[in-house]
Amino acid sequence: MRIMGLLKADKESEAGVPPTRELMAEMGTFIEEIMKAGVLVATDGLQPSSKGARVKVSEGKVTVIDGPFTESKELVASYALLEVKSMAEAIEWTTRFLKVLGGGQCELRPIFEATDFPPELFPPEEAAREEAWRKEMQKKNTAKQ
Amino acid sequence: MATDAHRAIDAVWRIESARLIAGLTRIVRDVGVAEDLAQDALIAALEQWPESGIPDKPGAWLMATAKHRAIDLFRRRTLLERKHEELGREIEVREMAVPDFDAAIDDDIGDDLLRLMFISCHPVLSTEARVALTLRLLGGLTTDEIARAFLVSEPTVAQRIVRAKKTLAEKRVPFEVPRGPDLAARLSSVLEVIYLVFNEGYTATAGDDWMRPALCEDALRLGRILAELTPKEPEVHGLVALMEIQASRSRARVGPLGEPILLLDQNRARWDQLLIRRGLAALDRAREASDALGPYVVQAAIAACHARARTAEETDWRRIATLYDALAQVIPSPVVELNRAVAVSMAFGPAAGLELVDALTSEPSLKKYHLLPSVRGDLLFKLGRFDEARLEFERAASLTQNARERDLLLKRARACEAVHG
């Protein structure tokens, strides 16, 4: 299963304080370990919210708010996409990550898989759209040949 | 609380067991004994961790515990040997080689993992045994999970594993990374096992136990681990690329009613772009490692051609036809030849494809292969030779085991009549 780990922002990450050289080295070793374990699928750090923007559409009205955003607990500082056997395994890797980091908070969220939508729950309109799309493709293919 | 601890121990086991068993095998030189020691350490963890909490470095804790058990085991064995001597046997005092436990732990764990992969996939074992042992020792799967994934009984799997470990001990298979000319053959056995696990998961259908599709993930994980252990081996990256790209299509390859959807009819918006990127990156690594075109690299390159095309029409069939030429050189087989014919027909027209297919009609191994008349029928249809096409579709329908496919083929046969008027 795939699980997205979201590291919550804190004052330092929001202030754009760079990590120390020691931390960078330790984190490098850890990233190498989790990559070699075939678990880490993707990861990136996010720049502070002061560089970001929020886009909102409500009843057709578009609002764009530039960062920074204040409620740092709700903000994300980095993400990691893990491919693991269970939530417990993701928790274990995340614990190791946070220990290397010297503390912090991560939210773990399983990603929807195709198998999370059993055929009987596949919404009929979606199925119809899929079907129409396929017919269209087939028509195009036949027309070409 | 206890349940939390057990869940955490499960997770630690999943993460650490392969490295633990690998390190221990090097110390005791016996995969079976190593696994028993690792299991002992796991039991100790299950007894102690719910009380004491998870240690700061759980992997090191498990290794230290297993190491102590190993020392006990060696002492008991040495004692036993001495007793035999005291019984008056006139054997030379053969000093049992006492392993250097500390050095064994500090050495490169990666090498041990690689040795464990090679020994689990050793040619003295049957393919089933290789698969079971690899999933058990390197994938951290339980016997029950392997049994469910392969639709066999648990005792069958357990027996396979016991026998495999016994065979390795009896034949004194060394715990080593093969060198020189051996390496290529042994590596291809490892790759074969991983790809077999992947395909077993890939062919799982909707009603199957979820352990079956999960095999794809297990195989991908093993492949990714192997790729990090052997970064200079192009075929390893080729296999990883092939699996990543095939896995990228898993959401698109089955329709809402569970019916399979052919590659060219798939909704490409449902392809997993992250896996495609990873697959293409793995293919780049293969190319960087060497110019050699091994079977996995070529198959991955073909898969990559499809992955790069945003629509079926954009597919670079000329390149695919060239790659099938290369594949037919490295692993010549009638099935590869048939695929090549399809690619050639897409690139250069149905007549060119038909020429290649016609050359295969006398091939004995394809006599009962429904795809041969199915492809031939398709090409004849495109050439307007509807009577011949109908016969081929009917023959294909009579050969296939799959009911849905049979319906489709009979439908195409009827379409030939309709066109013919």
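Residues numbered from 1 in each chain as written. Chains lettered and ligands numbered in written order. Predicted model: local features only at pLDDT ≥ 70, side-chain atom pairs only at ≥ 80, totals over all residues.

K.L.:
Explain the overall build of chain A here, please?
P.N.:
Secondary structure assignment for chain A yields four helices and six strands. The linear arrangement of helices and strands in chain A, starting from the amino end, is β-α-α-β-β-β-β-α-β-α. Here the analysis covers contacts within chain A between residues at least 6 apart in sequence; of these, 75% occur between residues at least 24 apart. (Helix = DSSP H or I, 4+ residues; strand = E, 2+ residues; numbered from the N terminus. Contact = placed C-beta atoms within 7 Å.)

K.L.:
Quick question: what am I supposed to make of the overall build of chain B here?
P.N.:
Across its full length, chain B holds 19 helices and zero strands. If one aligns the C-alpha atoms of chain B with their principal axes, the spans along those axes are about 95 × 50 × 40 Å. Put simply, chain B has 421 residues, and 41% of those count as buried. Long-range contacts, defined as pairs at least 24 residues apart, comprise 61% of the intrachain contacts of chain B with a sequence gap of at least 6. (Buried ≥ 20, exposed ≤ 12 C-beta atoms within 10 Å, placed from the backbone.)

K.L.:
Where do I start with the packing of helix H16 (residues 350-358) of chain B against helix H17 (residues 371-382) of chain B in this structure?
P.N.:
Each packed pair of helices is defined by two parameters, the angle between the axes and the distance between the axes. Residue and element names in this part refer to chain B. Interaxial distance between H16 and H17 falls to 9 Å at its minimum, and their mutual angle equals 145°. When you trace H16 past H17, the crossing you get is left-handed. Here H16 contributes Pro350, Gly353, Leu354 and Val357 to the contact with H17, which in turn contributes Val375, Arg376, Leu379 and Lys382. (Axes fitted to C-alpha atoms, helices over the stretch in contact; angles between N-to-C directions. Left-handed = near helix turned anticlockwise from the far one by under 90°.)

K.L.:
Would you mind showing me how to read the environment of proline 123 of chain B here?
P.N.:
Residues and elements named next belong to chain B. Of note, proline 123 is situated in the loop between helix H5 (109-120) and helix H6 (127-137). Judged by the 11 C-beta atoms lying within 10 Å of it, proline 123 falls in the exposed class. Each C-alpha atom, one on proline 123 and one on arginine 186, is 7.6 Å from the other, the two residues being 63 residues apart in sequence.

K.L.:
Whenever I open this one, the sheet that holds strand S1 (residues 2-8) of chain A confuses me. Can you help?
P.N.:
Backbone hydrogen bonds hold the strands of a sheet together, and the pairing may be parallel or antiparallel. Residues and elements named next belong to chain A. Judged by pairing direction, the sheet is antiparallel, and its four strands sit side by side in the order S2-S5-S1-S6 without closing on themselves. Edge positions in the sheet fall to strand S2 (40-45) and strand S6 (106-110), since each of these pairs with one other strand and no more. Taken pair by pair, the neighbouring strands of this sheet meet at an average axis angle of 15°, ignoring direction. Both S1 and S6 contribute to a ladder of five bridges, which runs antiparallel. Within S6, the residue paired with methionine 4 across the bridge is arginine 109. (Pairing = 2+ DSSP bridges.)

K.L.:
Could you clarify how one ought to interpret the environment of threonine 203 of chain B in this entry?
P.N.:
Within the secondary structure layout, threonine 203 of chain B lies in the loop between helix H9 (181-202) and helix H10 (211-229). A sequence separation of 137 residues divides threonine 203 of chain B from arginine 340 of chain B, and the C-alpha atoms of the two residues are 23 Å apart.

K.L.:
Is there a simple way to think about unusual backbone geometry in this case?
P.N.:
The bulk of non-glycine residues show a negative phi, and the bulk of peptide bonds are trans. Look at the link from glycine 67 of chain A to proline 68 of chain A: it is a cis peptide, with omega at 0°. The residue arginine 29 of chain B is not glycine, and still its phi comes out positive at about 60°. With respect to the helices, strands and loops of the structure, arginine 29 of chain B is situated in the loop between helix H1 (2-28) and helix H2 (31-52). A positive phi angle is found at leucine 151 of chain B, which is not glycine, with a value near 55°. As for its position among the elements, leucine 151 of chain B is in the loop between helix H7 (143-149) and helix H8 (154-170).

K.L.:
Help me understand the environment of glutamine 105 of chain A, please; the structure alone is not making it clear to me.
P.N.:
All names here are of chain A. As for its position among the elements, glutamine 105 is in the loop between helix H3 (87-101) and S6. Of the residues examined, glutamine 105 has 13 C-beta atoms within 10 Å and is grouped as partly exposed. Between the C-alpha atom of glutamine 105 and that of aspartate 10, which follows or precedes it by 95 residues, the distance is 9.2 Å.

K.L.:
Any chance you could explain the packing of H6 of chain B against H9 of chain B here in plain terms?
P.N.:
All names here are of chain B. The geometry of H6 relative to H9 is characterised by a closest axis approach of 10 Å and an angle of 85° between their N-to-C directions. With respect to each other, H6 and H9 are oriented roughly perpendicular. Facing H6, whose interface residues are Arg130, Val131, Thr134 and Leu135, H9 presents Val193, Leu196 and Val197. Residue composition of the contact of H6 with H9, grouped by class: five nonpolar, one polar and one charged. (Parallel < 35°, antiparallel > 145°, perpendicular 65-115°, else oblique. Nonpolar A, V, L, I, M, F, W, Y, C, P; charged D, E, K, R; others polar.)

K.L.:
Explanation requested: H16 of chain B in the structure shown.
P.N.:
Within an α-helix, residues lying three or four positions from one another point in the same direction, as the helix has 3.6 residues per turn. Residue and element names in this part refer to chain B. Of all the positions in H16, only Pro350, Gly353, Leu354 and Val357 are classed as buried. Summarising the axial view, the buried residues of H16 lie within an arc of 100°, below the 170-degree limit, and thus occupy one face. Buried residues in H16 make contact with helix H15 (334-348) and H17. (Arc of directions from axis to C-beta.)

K.L.:
Teacher, can you tell me more about H2 of chain B here?
P.N.:
Residues and elements named next belong to chain B. Look at H2: 30 Å from first C-alpha to last across 22 residues, which is about the 32 Å you get at 1.5 Å a residue. Helix geometry: H2 is bent most strongly at leucine 46, by close to 30°, with proline proline 50 lying one to four residues after it. Considered for burial, the residues of H2 that qualify are Val31, Ala34, Glu35, Leu37, Ala38, Ala41, Leu42 and Ala45. Downstream of H2 by one or two residues, glycine 53 has phi in the positive range, about 90°. (Expected span 1.5 Å × (residues − 1). Bend = angle between axes of the 7 residues up to and from the residue.)

K.L.:
Help me understand the pairing of strand S5 (residues 76-83) of chain A in this model?
P.N.:
Consecutive side chains of a regular strand alternate in pointing toward one face of the sheet and then the other. Residues and elements named next belong to chain A. The sheet contact formed by S1 and S5 spans seven bridges and is antiparallel. Counted as the bridge partner of methionine 4 is leucine 81 from S5. Looking at chain direction, S2 and S5 are connected through five bridges and run antiparallel. Each bridged residue has a counterpart across the sheet, and for threonine 43 the counterpart in S5 is alanine 80.

K.L.:
Help me understand the confidence of the model for chain B, please; the structure alone is not making it clear to me.
P.N.:
Do not read the fine detail of predicted coordinates wherever pLDDT is low. Residues and elements named next belong to chain B. When pLDDT is averaged along chain B, the result is 88; 91% of the residues meet or exceed 70. Mean pLDDT per element in chain B: helix H4 (residues 101-106) is the minimum at 50, and helix H13 (residues 295-308) is the maximum at 97. Counting interchain partners and residues more than four positions distant, the pLDDT-below-50 stretch residues 89-98 has eight contacts. Of the two predicted TM-score estimates for the complex, the pTM is 0.84 and the ipTM is 0.75. (pLDDT = per-residue confidence, 0-100.)

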